[in-house]
Structure formats: C-alpha cells, structure tokens
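Next come the chains, spelled out residue by residue.
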Amino acid sequence: MDNRPIGVFDSGIGGLTVLKEIIEQLPGEDIVYLGDTARIPYGTRSKETVIKYVLESFEFLMSKNIKAIVIACNTASSLALKEARERFDIPILGVVEPGAKAAVGSTKNNTIGVIGTEGTINSGSYDKTIRELLPTAEIIGIPCPLFVPIVEEGWENTDVAYITAQKYLLELKEHNIDTLVLGCTHYPVLRYTIGKVLGDKVTLVNPAYETAKLTKNTLKELNLLNEKLDEGIYKYFVSDDPEKFKRIGGNLIRKQIGTVEKVELDI
Ligand code: DGL
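Everything numeric in this text was worked out from a predicted model, so none of it was measured.

(A) View of unusual backbone geometry. For the peptide bond that leads from Ile40 to Pro41, omega is 5°, which places it in the cis range. Topologically, Pro41 is positioned in the loop between strand E2 (31-35) and helix H2 (47-62). In the Ramachandran plot, Asn65 falls in the positive-phi region, its phi being about 55° despite a non-glycine side chain. Examined against the element boundaries, Asn65 turns out to sit in the loop between H2 and strand E3 (68-71). On the basis of relative accessible area, Asn65 is assigned to the partly exposed category, the value being 47%. The backbone of Asn223 shows a phi angle near 60°, a positive value even though the residue is not glycine. Assignment of secondary structure puts Asn223 in the loop between helix H10 (207-221) and strand E9 (234-238).

Printed below as a string of structure tokens:
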C-alpha cells in the first residue's frame with residue numbers, strides 16, 4: 001500500500017478525460033493534475049520543444065511527492081515518453097501503448113485508423129506500437145486539429161462537429177477500417193458524432209479508458225495501490241488562468257472542478 005498521489009499530466013484541459021477514467025477505476029487514489037495551459041497546444045510543436053515542456057512539468061510534479069505519472073496527453077506520450085522515463089525514476093505511463101494494444105485486440109480485418117494531433121500522427125507512434133504487436137496491420141493516420149477547439153467550445157454534438165468529422169474521416173471510410181483509435185485527449189468527447197459518421201461496424205478505441213486500466217494493473221503489480229476506502233483528494237495545477245480551466249474543464253467532464261492553482265513551469 002502506498003498513499004502518495006498519482007501525477008496526471010496534460011498539455012492543458014483535455015487530460016481531464018483521462019483523469020475521469022482514472023477516478024472511475026481507482027476511486028481511492030489521490031491525484032495531482034497538472035495542465036500546461038500556458039503552452040498548449042503541444043500538437044503543433046516540435047519534438048524538442050515538447051520534450052523540454054514535459055521535463056519541466058515533471059520537475060514540478062516530482063516536487064509533489066507522487067508515486068507514478070500518467071501522461072494523459074497523446075502528443076506528449078508520442079514525443080517525450082522515452083526521455084521522461086530516462087530522467088525520472090518512478091513508473092511513467094503513456095496513453096499510446098495501451099491504446100495501440102486495445103486496437104490490435106479489436107481489429108478483425110487488420111485495418112486500423114488513428115486520429116490525433118499533427119504531432120501524434122507525424123511521430124508515427126501509434127503505427128510503430130501497433131506494428132510491433134501486429135506486423136501485418138494496415139494503419140491510416142489522420143490529423144484532426146479542428147476537433148480540439150470544437151470540443152473546448154462544447155460543440156461536440158452539433159452540425160459543425162458532424163460536418164468536420166465527415167470531412168476528416170472520409171479517407172478512413174474509404175479504407176474500410178474496422179477500428180479507430182481516438183488518439184487525442186479531446187476526442188472521446190466526440191465519440192457519438194464520430195460513431196454517427198463511421199457507423200456501428202467501426203469499433204472506437206478510447207486510450208483514456210485503456211490507460212486507466214493499465215494504471216490500475218501496474219500499481220497493483222508494484223504494490224503501490226492506495227487501498228483507503230474514502231474518495232481520493234484531487235489537486236489541480238495549471239500554468240495559465242485557473243478560472244478558464246475550471247469553466248471549460250467542468251464542461252468537458254461534466255463534473256465540478258475544485259480549487260485550481262496557477263504555477264510557473266519554465267523556471
Ligand atoms: N492533449 C493533446 C493530445 O492529446 C491535445 C491538445 C494539444 O495539442 O496540446 O494530443
């Protein structure tokens with residue numbers, strides 16, 4: 001048993017979709033959430049910049065006496081997981097490995113779509129991890145940058161979202177994918193609209209859910225679970241305006257967000 005909190009890191013607000021899954025699967029764990037809202041988006045930045053931001057952010061999380069870190073951000077998981085694991089000596093989990101594994105478990109025709117930010121898709125992280133498990137897989141990756149602002153506006157179930165999804169996902173339909181990885185923190189919120197465009201023969205894989213499952217199994221294996229019965233304590237830190245985080249974040253996970261503190265990460 002280990003009562004220290006878990007650190008959950010994201011480039012901003014989207015990681016709350018991962019936090020929500022962790023809370024559901026590990027209700028007794030205390031959590032320190034850090035969103036680098038001053039430097040979002042990570043999805044359009046270079047690998048070097050993302051690595052720098054992630055390492056700086058983790059220095060802050062480490063000062064909170066955490067026992068493990070979950071990188072909720074797909075872009076950061078794609079570009080900086082290796083460097084973070086080399087630098088910090090605690091278990092660090094990303095969303096790509098569990099998401100890729102679930103996609104391989106789901107596909108029957110070996111044709112998998114992956115959607116994410118430009119950074120995630122261009123890094124080829126999902127392709128590489130899927131092919132390690134299923135070398136014959138055909139993988140079609142499409143960056144869908146407009147999905148992020150659509151979700152942050154709360155427009156996930158509107159015509160705007162539907163038309164945008166139709167345009168982005170057309171190529172995936174033409175390739176006859178049977179599985180789609182929602183490879184960005186915001187995309188699970190668009191699940192309904194994406195499902196409507198692709199039809200019910202395409203299984204949507206949510207890396208957020210898979211990552212929470214892996215987090216639980218990993219903590220159990222390492223004897224790091226917090227087994228207290230009462231609800232966990234959640235602390236939120238951001239690098240820009242806390243009020244904005246509370247407002248948009250609350251909409252995103254349909255849950256009231258408690259106190260949010262502003263911190264400097266680039267020191
Ligand atoms: N959190 C990012 C991701 O999952 C999306 C937002 C950003 O570009 O930073 O890739």
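(B) Expanded view of the packing of helix H8 (residues 159-174) against helix H9 (residues 191-198). Axis separation between H8 and H9 bottoms out at 9 Å; the angle between their running directions is 50°. On the basis of the axis angle, H8 is oblique to H9. Taken as a pair, H8 and H9 cross one another with a handedness that is right-handed. For the pair H8 and H9, the contacting residues are Ala161, Tyr162, Ala165, Gln166, Leu169 and Lys173 in the first and Thr193, Ile194, Lys196, Val197 and Leu198 in the second. A breakdown of the residues in the contact of H8 with H9 according to their chemical character gives seven nonpolar, two polar and two charged.

(C) Quick look at the sheet that holds strand E4 (residues 92-93). Overall, parallel pairing links the six strands, which are arranged E4-E3-E1-E2-E9-E10 in an open sheet. Of all the strands in the sheet, the pair left with one neighbour each is E4 and strand E10 (260-262). Relative to E10, E9 runs parallel, the two sharing three bridges. Looking at E10, one finds that Tyr236 is bridged to Val260.

(D) How the structure looks around the packing of aromatic side chains. Applying the stated criterion to the full structure yields ten aromatic pairs. Seen in terms of ring centroids, Phe60 and Phe237 are 5.1 Å apart; in terms of plane orientation they differ by 65°. Their pairing is edge-to-face. One end of the pair, Phe60, is in helix H2; the other, Phe237, is in strand E9, with 177 residues separating them in the sequence. With respect to burial, Phe60 and Phe237 carry one shared label: buried. Between Tyr236 and Phe245, the ring centres sit 6.1 Å apart and the planes meet at 50°, which makes this aromatic pair tilted.

Rules and cut-offs
Residues numbered from 1 in each chain as written. Predicted model: local features only at pLDDT ≥ 70, side-chain atom pairs only at ≥ 80, totals over all residues. Heavy atoms only, no water. Helix = DSSP H or I, 4+ residues; strand = E, 2+ residues; numbered from the N terminus. Buried < 20%, exposed > 50% of the residue type's maximum accessible area, 1.4 Å probe, protein only. Axes fitted to C-alpha atoms, helices over the stretch in contact; angles between N-to-C directions. Parallel < 35°, antiparallel > 145°, perpendicular 65-115°, else oblique. Left-handed = near helix turned anticlockwise from the far one by under 90°. Contact = heavy atoms within 4.5 Å. Nonpolar A, V, L, I, M, F, W, Y, C, P; charged D, E, K, R; others polar. Pairing = 2+ DSSP bridges. Phe/Tyr/Trp six-rings, centres within 6.5 Å; stacked < 30°, edge-to-face > 60°.

The values reported here are purely geometric and, on their own, carry no functional implication.
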